Structure formats: structure tokens, C-alpha cells
Amino acid sequence: MAAYEKRRAAAAPAPAPAPAAGSGLAEPARAAAGELGSEAEFLLRAGVTAMVREALLKVLEARPEEPVSFLADYFERLVLGSPGAAGEAAAELPGPPQRLARALWYVRLAHHSHRTAFDSNAGAAYEVLGAGGRRRKAGVDGRLYSELLRRICQQGGAPAEAAAALLGRVRCRDHEAVPFDVFRYGVLTCFVLLEFAAKADALFGVLDGGSGAADGRVCQAVLRALEDVLGAGHFSLPSRYLEAGSKLGPDGLALAMDRALQERKLGASMSREEFLKKATALFIAKVKPVE
């Protein structure tokens, strides 16, 4: 047994001696730690850390429906120095087209149902449009405000006639100073019009069965039912009319359609364009004009 222990002790490798202070073996560990420190220092010095932090704060603030696409667009605009650059909301821009593009980018970030994010983005857009410069005073005038509303309707695919009628109710004179509450109201109303038109278009898709034209009697009955729903209350916010319109459920539609079909007289067909024109006119008639 004693001989076995001696052989085992002899076979076991001796522990490696600790590296001497001046041997250089401890240098790789120190170098690795130094590299980590220098990398973090580089990120701070280059502003990358602050940039990424700002981007994440923008995501939390805007609450976009597609955060990854939002970040990709955010950094692209940051690199190009175009709309959406971090920390430059109130910076002076070369001209109205650039300010309008950036303001449009802000107001389209979040759906209007996300009220906190939408209000924050509307505030950022208002600051962008109202940024002062060497040749202009700070503040949003009616010209820029009306042009922003026109672009919202145009890019959203709103029917041209409906958009023009809406702008006639919420626009301001070119020389007028536009306060933020009016600015927010106009922007919100345009987005609600876009959604209302989309819902009306989907409703017509149910009525026409894919043929492109629907029975005029049925369309008129549905429009009357929609008008009754919209006229049931007086709302201060445009989005309330979306909620009211959504109450026209399958039962209400079926009842209106049955009543229309019970009429013996034949009715002319109605096109999608005509139906959308009449449906959006019902909404616009409820919009409170800007005074």
C-alpha cells in the first residue's frame, strides 16, 4: 500500500508555479480587460451608447406597431440626416419640405388609439414644423399645417373629394398661427377619416359580393342605418364616431338589408366610389369646424 502511494505521488503532476510579477504570463488577462475597457470607452466617446439609448427611448415613446422596422428606419434617417434624426426635433431644417417630411414621419409612427404615444408624436411634429430660423419666426402657420393635413390624406389613400371637404372644415388661413390643440385635432381627424373610409370600403365589399357594384336599395338602407348610428350622439373627439360606426353590427346590417329587399321597386346599382363618397360625407358632416 505504501509503495502504491509512492508511485501515485510520483505520477501526479506538480502544480504550476504562480506567474512571477515580471514574467509576462499575466499580460494576456490584463490585455483582455484593457480591451473591454477600451471598447466601452470607444462607444461612449463616439456617442454610440447615447445614440442607442435615444433610439430605445424613441421606441418606448412612439410604441410603433413594428419596432424592428421603426429602428431600421430611424437609423437610416439618422445616417442620412433626414426626418427622424435623434435629438433634432426642434433643429433648424433647410426648408418647409424637410420639416413637412419629418413631421409626417412623426405623426404616422403610432396609431391614434395609442393616445399617449400619438400625442407625444404629434407634439414632436408640431415642434418640427414650428422650428424657428434665421429668416422665420418660431411657430406653426396655417400654410404648413394645411399642407401636412393634405399629405396625410393623400398618402393614406383617402378619396380626393372627401379629403378636400374635410380640409375645408379643419384648415386655418395661411397667415394664422396654429395652436397645438387645433394642430392635434386636425391631424387626428385626418387619420380617423382614413380609417373610416377603410371601414366603409370593407363594408361595401360585403354588399357587392366581389362584383364591383351593389344593389342601390341595399346600399341606401345601410347608409341610412350608418347615419342613424352616427347621429345618435354628439361627440367631441372624431375617433368616437369610429366607435359609434362599429356598433352597426351584423344584426343591424341584416335588418337594414332585409327591409330594403322587401321593397318591390327596382333600384339602380351603386358603385364603390359612390358608396364611399356618401359614407365619408356622413362622417365629415359630423366633424366640428375649426373656428
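In what follows, the structure referred to is the one given above.
Cut-off values and rules
Residues numbered from 1 in each chain as written. Predicted model: local features only at pLDDT ≥ 70, side-chain atom pairs only at ≥ 80, totals over all residues. Heavy atoms only, no water. Helix = DSSP H or I, 4+ residues; strand = E, 2+ residues; numbered from the N terminus. Expected span 1.5 Å × (residues − 1). Buried < 20%, exposed > 50% of the residue type's maximum accessible area, 1.4 Å probe, protein only. Contact = heavy atoms within 4.5 Å. Salt bridge = Lys/Arg side-chain N within 4 Å of Asp/Glu carboxyl O. Core = buried A, V, L, I, M, F, W, Y, C linked by side-chain atoms within 4.5 Å.

## Some points on the environment of Val-128
So, step 1. Along the polypeptide, Val-128 turns up in helix α6 (residues 115–129).
So, step 2. Considering only alpha carbons, one finds Val-128 and Ala-101, 27 residues apart in sequence, at a separation of 9.7 Å.

## Let's talk about the environment of Leu-188
So, step 1. Relative to the helices and strands, Leu-188 is located in helix α9 (residues 180–208).
So, step 2. Residues Leu-188 and Phe-118, 70 residues apart in the sequence, show an inter-C-alpha distance of 8.9 Å.

## Looking at helix α7 (residues 142–155)
So, step 1. Over its 14 residues, α7 extends 20 Å from the first C-alpha to the last, a length consistent with the 20 Å expected when each residue adds 1.5 Å.
So, step 2. Of all the residues in α7, the buried ones are Gly-142, Leu-144, Tyr-145, Ser-146, Leu-148, Leu-149, Ile-152 and Cys-153.
So, step 3. Of the surrounding secondary structure, the elements contacted by the buried residues of α7 are α5 (96–107), α6, α8 (160–170) and α9.
So, step 4. Residue Gly-157 follows α7 closely and has a positive phi angle near 75°.

## Some remarks on the pattern of salt bridges
So, step 1. Throughout the structure, instances matching the rule amount to 10 salt bridges.
So, step 2. Measuring nitrogen to oxygen at the nearest pair gives 2.8 Å for the salt bridge that ties Asp-201 to Arg-272. On the criterion of sequence distance, the pair formed by Asp-201 in helix α9 and Arg-272 in helix α13 (residues 272–286) is long-range, its members being 71 residues apart.
So, step 3. The partly exposed category is assigned to Asp-201, whose relative accessible area is 29%.
So, step 4. With a closest N to O distance of 2.9 Å, Asp-215 and Arg-217 form a salt bridge.
So, step 5. Judged by relative accessible area, Arg-217 falls into the buried class, the value being 16%.
So, step 6. Counted as one network, the salt bridges with shared partners bring together Arg-115, Asp-119 and Arg-184.

## Considering the nonpolar core
So, step 1. Ranked by size, the top nonpolar core spans 62 residues in total, and within it Tyr-145, Leu-148, Ile-152, Val-187 and Phe-275 carry the most contacts.
So, step 2. With 15 residues, the top contributor of residues to this core is α9.
So, step 3. Apart from the residues lying within four places of it in its own chain, the contact partners of Leu-148 are Leu-100, Ala-103, Leu-104, Leu-129, Phe-183 and Val-187.

So, to be careful, I would describe these as geometric facts and stop short of saying anything about function.
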